[in-house]
Amino acid sequence: MAESTPGSVHIAWYATGFRAEQLQTALAEISAIAPRYGATHFVVYRSRDDRYRFLQVADFASKLDWERYWFGPEFTAFRARCSSWYTVPLTYAWQDLVATGGLTPSEAALEPVAE
């Protein structure tokens, strides 16, 4: 696939002991910067089964835009400042975007349930 193919990057984070709340706040802050680098969507999930486990997802028009964000000054500073808050190694997975869609939570609440 070409480097300009839209995609989604997934980063699995695992907080170290008693750092989950701090990591959650920091991930929300660094994720909000992604649109400056061309992200069209971002989200951070926190597991209900394991409160130390997070998944950061961001969609970009190209992998180059993602790399500019990942290696940019804000994310570099984030990793330096928060390095003891998560386990290593830390790796990301680039996914080619094949299909997208959905409803907002308020739209989903209005949808009738099929019987």
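In this convention, every chain numbers its residues from 1, walking through the sequence in written order. Whole-chain, interface and lining totals are the exception, using all residues; otherwise, since this is a predicted model, local features are given only for residues with pLDDT of at least 70 and side-chain atom pairs are given and counted only at 80 or more. Calculation of side-chain values draws on the structure's entire complement of heavy atoms; hydrogens and water are dropped beforehand.

Asks: Any details on the pattern of salt bridges? Residues and values, ideally.
Replies: A side-chain nitrogen of Lys or Arg and a carboxyl oxygen of Asp or Glu constitute a salt bridge if their distance falls within 4 Å. Going through the model one piece at a time under the given rule, you end up with three salt bridges. Among the salt bridges present, the one from R46 reaches E21, with a minimum N-O distance of 3.1 Å. Residue R46 is found in strand β2 (residues 39-46), and its partner E21 is found in helix α1 (residues 20-31); the two are separated by 25 residues along the sequence. Note that R36 and E74 form a salt bridge whose closest N and O atoms lie 3.6 Å from each other. Here R36 is found in the loop between α1 and β2, whereas its partner E74 is found in helix α3 (residues 73-81), with 38 residues between them in sequence. Counting from the N terminus, the helices are DSSP H or I runs at least four residues long and the strands are E runs at least two residues long.

Asks: Got a sec to walk through the sheet that holds strand β1 (residues 7-14)? Specific residues and values, please.
Replies: The sheet built from four strands is open, its strands ordered β2-β3-β1-β4 with antiparallel pairing. Taken across any chain shown, the strands that pair with only one partner, and hence form the sheet edges, are β2 and β4 (92-96). The sheet shows a mean angle of 15 degrees between the axes of neighbouring strands, direction not considered. Residue contacts are defined here by distance: any two heavy atoms, one from each residue, within 4.5 Å place the two residues in contact. Note on geometry: axes are C-alpha line fits, over the in-contact stretch for helices, and angles between N-to-C directions span 0 to 180 degrees. Contacts between α1 and the sheet are confined to β1, β2 and β3 (53-60), with β3 contributing the most and set at about 5 degrees to the helix. In this description, strands pair whenever DSSP reports at least two bridges between them.

Asks: Describe the layout of surface pockets, with residues and values.
Replies: Volume-wise, the largest pocket comes out at about 160 Å³. Grid spacing is 1 Å over the protein atoms alone, the probe is 1.4 Å, and a cavity is where that probe fits but cannot get out, while a pocket is an open set with protein on both sides within 12 Å along at least five of seven lines and lining residues have an atom within 4 Å of a point. Lining the largest pocket we find 13 residues, and of these S8, D59, L97, A99 and T100 sit closest to its centre. Looking at the lining of the largest pocket, the elements that each hand over two or more residues are β2, β3 and β4. Of the residues forming the lining of the largest pocket, the biggest block, three residues, is contributed by β2. Grid points are joined across faces, edges and corners, and a volume is the space filled by probe spheres set on the points.

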